[in-house]
Amino acid sequence: MTPTTRIFVAGGDTLPGAALLDLLPAEEFGSLVGVGPDEPDLTDALAVNSFFAAERPEVVFLVGGPSGGIGLNRARPADLMLANLQVATNVLDAAHRYGVRKLLYLASSCAYPREAPQPLSPRSLGTGPLEPTSAPYATAKLAGAVLCDAYRRQYGSNFITAFPANPFGPGDDFGADSGHVIPALIRRAHEAAKHGDSVLSVWGSGTPRREFLFSRDLASACLFALENYDGDAPLNLGGGTVLSIAEAARVVADVVGFRGRLAFDTSKPDGAPLKALDSSVLRGLGWAPATTFRDAVEETYHWFLHHVTEGVCRERTTV
Ligand code: GDP
């Protein structure tokens with residue numbers, strides 16, 4: 001890519017999309033198309049087609065489609081699956097027809113089989129049943145990955161697929177019920193500290209483990225992969241920190257200044273017991289995350305304090 005390459009971040013309103021829109025100009029890739037109000041509705045095939053016909057992007061980061069935490073996956077499985085299928089089919093079809101030179105499709109680690117050997121390797125994709133709480137969303141993400149592969153095989157398209165670790169960061173969905181674990185806990189710990197509560201409720205048993213990745217590091221991994229990887233096999237984007245939910249909640253509580261105790265609400269689902277990625281291919285190419293988990297939580301909390309509690313801008317809408 002050069003500074004004049006026409007780049008489209010499909011899904012600029014998502015967490016990784018917003019991080020990419022910050023990162024790309026900072027890395028001198030300033031010829032962005034379809035930013036903000038200029039981005040078409042990715043679930044609308046005609047709008048996507050017209051956009052590609054007019055703007056002719058050369059490189060696409062396909063990071064769009066709604067996502068949410070375990071709460072949203074249970075409440076709105078059909079909305080999540082449908083929108084993610086539409087986004088993948090509309091954008092991949094248009095990218096193919098309008099000759100996009102390189103495309104990175106961001107899938108989700110939910111698309112790995114629930115019982116696959118850990119750390120998760122792309123070889124395990126499609127080898128077993130998915131975690132039921134997120135299966136509709138994950139099936140849509142898997143379909144997008146398979147469609148990328150199909151375009152590669154049939155047309156030789158340079159479409160690569162990447163599976164990220166659990167991202168969080170500024171601009172996240174801080175909804176207590178809809179958000180992923182880190183932003184949801186930031187909000188709950190903040191409220192608990194503000195009200196002087198002695199107990200912070202954490203969903204599930206606290207024992208599941210997740211690999212967390214700061215959204216700015218995820219954007220950097222996406223850019224690195226787009227520039228350095230052309231393989232058929234999907235690429236895992238990880239190398240972040242693997243923590244139990246209880247450990248992660250303690251860091252959040254500490255950063256937010258909540259001094260009470262954690263209470264694990266086992267009426268809420270645990271989801272998959274462990275999701276850690278084998279990111280040896282990416283690491284072997286020379287990429288590593290730059291931000292520690294604690295620093296990432298601090299930066300995310302500061303964003304929350306400034307933008308959500310002070311109402312500087314609206315929170316991200318998920319579906
Ligand atoms: P997942 O990786 O798709 O399961 O993503 P989530 O971020 O939704 O959940 C990760 C884990 O965090 C699960 O074991 C949840 O039970 C646990 N968890 C603890 N508190 C919360 C919370 O407030 N919100 C969410 N979403 N998960 C929580």
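Residues numbered from 1 in each chain as written. Predicted model: local features only at pLDDT ≥ 70, side-chain atom pairs only at ≥ 80, totals over all residues. Heavy atoms only, no water.

Enquirer: Requested: an account of the overall build of the chain, with residues and values cited.
Expert: The secondary structure content of the chain amounts to 10 helices and 12 strands. Over its C-alpha atoms the chain spans a radius of gyration of 19 Å, differing by no more than 12% from the 20 Å that the globule rule assigns to 319 residues. Burial statistics for the chain: of 319 residues in total, 53% are counted as buried. Across the chain, every contact between residues at least 6 apart in sequence was considered, and the portion connecting residues at least 24 apart equals 82%. Carbon and sulfur atoms make up 52% of the accessible area of the chain, which totals about 13300 Å². The averaged location of the 35 negative side-chain charges in the chain is 4 Å from the averaged location of its 27 positive side-chain charges. (Helix = DSSP H or I, 4+ residues; strand = E, 2+ residues; numbered from the N terminus. Rg over C-alpha atoms; globule rule 2.2 N^0.38 Å. Buried < 20%, exposed > 50% of the residue type's maximum accessible area, 1.4 Å probe, protein only. Contact = heavy atoms within 4.5 Å. Areas by Shrake-Rupley, 256 points an atom, 1.4 Å probe, with all protein chains shown as cover. Lys, Arg positive; Asp, Glu negative; His and termini not counted. Charge placed at Lys NZ, Arg CZ, Asp CG, Glu CD.)

Enquirer: Summarise the site of the ligand; cite the residues concerned and give the values.
Expert: Around the ligand there are 16 residues in total, and Ile-70, Arg-188, Arg-210, Pro-269 and Asp-270 lie nearest to it. In this structure, an oxygen atom belonging to the ligand sits 2.4 Å away from a side-chain N or O atom of Arg-188. Contact with the protein chains hides 98% of the accessible area of the ligand, taken as 540 Å² for the molecule alone. For the shell around the ligand, the secondary structure elements donating two or more residues are helix H6 (181–194) and strand E7 (199–203). (Near = heavy atom within 4 Å. Polar contact = N/O pair within 3.5 Å; in protein donor to acceptor, adjacent residues only side chain to side chain.)

Enquirer: Can you lay out the nonpolar core for me, pointing to particular residues and giving the numbers?
Expert: Nonpolar side chains in soluble globular proteins generally cluster together in the buried interior. If you look at the biggest cluster of nonpolar residues, it comprises 67 residues, and the most contacted ones within it are Phe-52, Phe-61, Leu-103 and Leu-237. With eight residues, the top contributor of residues to this core is helix H7 (residues 215–228). Other than its neighbours up to four places away in sequence, Phe-52 contacts Phe-8, Pro-57, Val-60, Val-91, Ala-94, Ala-95, Tyr-98 and Val-100. Core analysis: the second largest hydrophobic core is formed by 29 residues, Phe-168, Val-255, Phe-304 and Val-308 among them. (Core = buried A, V, L, I, M, F, W, Y, C linked by side-chain atoms within 4.5 Å.)

Enquirer: Tell me about the packing of aromatic side chains, and name the residues and values.
Expert: Under the defined criterion, the tally for this structure stands at 13 aromatic pairs. Look at Phe-51 and Phe-52: their rings are 5.8 Å apart centre to centre, the planes differ by 85°, and that puts the pair in the edge-to-face class. For the residue pair Phe-51 and Phe-52, the accessibility class agrees, reading buried in each case. Here the aromatic rings of Tyr-112 and Phe-163 are separated by 5.4 Å at their centres, their planes lie at 55°, and the arrangement is tilted. In this pair, Tyr-112 sits in the loop between strand E4 (102–106) and helix H5 (135–155) while Phe-163 sits in strand E5 (residues 159–164), placing the two residues 51 residues apart along the sequence. Counting every residue linked through ring pairs, the aromatic cluster contains Phe-168, Phe-212, Phe-214 and Phe-293. (Phe/Tyr/Trp six-rings, centres within 6.5 Å; stacked < 30°, edge-to-face > 60°.)

Enquirer: Give me the pairing of strand E8 (residues 209–214): which residues, what numbers.
Expert: When you tally the buried positions in E8, you get five out of six residues, the bulk of the element. In terms of strand pairing, strand E6 (residues 166–168) meets E8 through three bridges, oriented parallel. Of the residues in E8, the one forming a bridge with Asn-166 is Phe-212. Across two bridges, E8 lies against strand E12 (residues 274–275) in parallel orientation. For Arg-209, the partnering residue across the bridge sits in E12 and is Leu-274. (Pairing = 2+ DSSP bridges.)

Enquirer: Could you give me a rundown of the sheet that holds strand E1 (residues 7–10), with the residues and numbers involved?
Expert: The parallel open sheet is built from six strands, whose spatial order is E2-E1-E3-E4-E5-E9. Of all strands in the sheet, those bounded by a partner on one side alone are strand E2 (32–33) and strand E9 (235–237). Along the sheet, helix H4 (residues 77–97) contacts E1, strand E3 (59–62), E4 and E5; its crossing angle with E3, the most-contacted strand, is approximately 170°. (Axes fitted to C-alpha atoms, helices over the stretch in contact; angles between N-to-C directions.)

Enquirer: Give me the pattern of salt bridges: which residues, what numbers.
Expert: Evaluated as defined, the whole model comprises 15 salt bridges. Here Arg-76 makes a salt bridge to Asp-79, at a shortest N to O gap of 2.8 Å. We classify Arg-76 as partly exposed; its relative accessible area is 34%. Across the salt bridge formed by Glu-131 and Arg-114, the nearest N and O atoms sit 2.6 Å from each other. Note that Glu-131 is positioned in the loop between E4 and H5 and Arg-114 in the loop between E4 and H5, a separation of 17 residues in sequence. Judged by relative accessible area, Glu-131 falls into the buried class, the value being 9%. Judged by relative accessible area, Arg-114 falls into the partly exposed class, the value being 28%. Salt bridges sharing common partners tie together Asp-254, Arg-259, Arg-294 and Glu-298. (Salt bridge = Lys/Arg side-chain N within 4 Å of Asp/Glu carboxyl O.)

Enquirer: Describe the confidence of the model for the chain, and please don't skip the residues or the numbers.
Expert: Low-pLDDT portions of the prediction should not be read for the details of their coordinates. Per-chain confidence: the chain averages 95 in pLDDT, with 97% of residues scoring 70 or above. Across residues 313–319 the pLDDT falls below 50, and counting only partners more than four positions away or on other chains, this stretch makes 22 contacts in the model. (pLDDT = per-residue confidence, 0-100.)

Enquirer: Explain unusual backbone geometry residue by residue, including any values.
Expert: Residue Pro-119 is reached from Gln-118 by a cis peptide bond, and omega for that bond is -5°. The residue Pro-119 is located in the loop between E4 and H5 in this model. Although it is not a glycine, Glu-28 adopts a positive phi angle of roughly 75°. Located in the positive-phi region is Arg-56, a residue other than glycine, with phi close to 45°. Structurally, Arg-56 can be placed in the loop between helix H2 (45–55) and E3.

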